[in-house]
Amino acid sequence: MWVKPQEIMINNTILWTTEVSNTFFCLQKRRGHGEHKGGITGLFISTLDHMRDAKPPSYRILLQTPVSDFSYVVSVAGNHQEITSDWLWLQENLLETLGGWAGQGVWPG
C-alpha cells in the first residue's frame, strides 16, 4: 500500500533485510517475519513485534538518495505479493523518469 513518504535514518536497518534494490529504491523485509530458521536476531525481533500493540509491516519500499543519511518509506505491505506489485509498478512507471533526472543533474548523486 502506498503511504505518505516517511523519513527514516539509513542506519535504522538492523530490523530489516534488503531483498532487492536499484539506484533509487530498495525493497526490505522485516526480520523475524516468515522466518522459520532466521536465527536468534529474527526470533528476538519477532518476539518484540508480538508484544507491541501496533504491528509493523512485514515489507516496505524505501526511496533512497545517494547523498543523504535519510531514506523515505513510500510503500508498506503485510505480504510479499502486495509489496511485489508496488515494486513492479515503480520499475515500470518511475525508473526511466528518475534515471532521466539523474542524467540531467536534477537527482542528487
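In this text the structure is predicted, and so the values were computed from the model without any measurement.

Time to look at the confidence of the model for the protein chain. Of the residues in the protein chain, 69% have a pLDDT of 70 or more, and the chain-wide mean is 79. The weakest mean pLDDT in the protein chain belongs to helix 1 (residues 39-51) at 56; the strongest belongs to helix 2 (residues 80-93) at 96.

What the rule picks out here adds up to one aromatic pair. Here the aromatic rings of Trp-2 and Trp-89 are separated by 5.6 Å at their centres, their planes lie at 65 degrees, and the arrangement is edge-to-face. Linking Trp-2 in strand 1 (residues 2-9) with Trp-89 in helix 2, this pair joins segments that are 87 residues apart in sequence. Residue Trp-89 is classed as partly exposed on the basis of its relative accessible area of 40%.

Reading across the sheet, the five strands line up as 1-5-4-3-2 and stay open at both edges, with antiparallel pairing between neighbours. Looking at the sheet topology across the chains shown, the edges are occupied by strand 1 and strand 2 (16-21). Neighbour-to-neighbour, the strand axes of this sheet turn through a mean angle of 35 degrees, independent of strand direction. For strand 1 and strand 5 (residues 70-77), the ladder comprises five bridges, and the chain directions are antiparallel. From the neighbouring strand, Glu-7 faces strand 5, where its bridge partner is Tyr-72.

With that out of the way, let us pick up the environment of Phe-70. Within the fold, Phe-70 resides in strand 5. Taking relative accessible area as the criterion, Phe-70 reaches 29% and is therefore assigned partly exposed. On a C-alpha basis, the gap between Phe-70 and Gln-6 in space is 9.8 Å, while along the polypeptide they are 64 residues apart. Not counting the four nearest positions on each side in its chain, Phe-70 is found in contact with Glu-7, Ile-8, Met-9, Ile-10 and Thr-65.

Let us now look at the layout of surface pockets. Each pocket or cavity is described by its volume, and for the largest pocket that value is around 170 Å³. Gln-6, Trp-16, Pro-57, Arg-60 and Val-73 are the residues nearest the centre of the largest pocket, which is lined by 11 residues in total. Of all the secondary structure elements, the ones that give two or more residues to the lining of the largest pocket are strand 1 and strand 5. At three residues, strand 1 tops the list of elements feeding residues into the lining of the largest pocket.

The biggest cluster of nonpolar side chains holds 12 residues, and these are Phe-24, Phe-25, Leu-27, Tyr-59, Ile-61, Leu-63, Val-74, Ala-77, Ile-83, Trp-87, Leu-90 and Leu-98. Within the residue set of this core, elements represented by two or more residues are strand 3 (25-30), strand 4 (59-64), strand 5 and helix 2. Discounting residues that sit within four places of it in the chain, Ala-77 has contacts with Pro-57, Ser-58, Tyr-59, Glu-82 and Ile-83. Judged by nonpolar contacts, the second largest core, of five residues, contains Ile-8, Cys-26, Leu-62 and Val-76.

About the cut-offs
Residues numbered from 1 in each chain as written. Predicted model: local features only at pLDDT ≥ 70, side-chain atom pairs only at ≥ 80, totals over all residues. Heavy atoms only, no water. pLDDT = per-residue confidence, 0-100. Helix = DSSP H or I, 4+ residues; strand = E, 2+ residues; numbered from the N terminus. Phe/Tyr/Trp six-rings, centres within 6.5 Å; stacked < 30°, edge-to-face > 60°. Buried < 20%, exposed > 50% of the residue type's maximum accessible area, 1.4 Å probe, protein only. Pairing = 2+ DSSP bridges. Axes fitted to C-alpha atoms, helices over the stretch in contact; angles between N-to-C directions. Contact = heavy atoms within 4.5 Å. 1 Å grid on protein atoms, 1.4 Å probe; cavity = no way out; pocket = protein on both sides within 12 Å on 5 of 7 lines; lining within 4 Å. Points joined across faces, edges and corners; volume = space filled by probe spheres on them. Core = buried A, V, L, I, M, F, W, Y, C linked by side-chain atoms within 4.5 Å.

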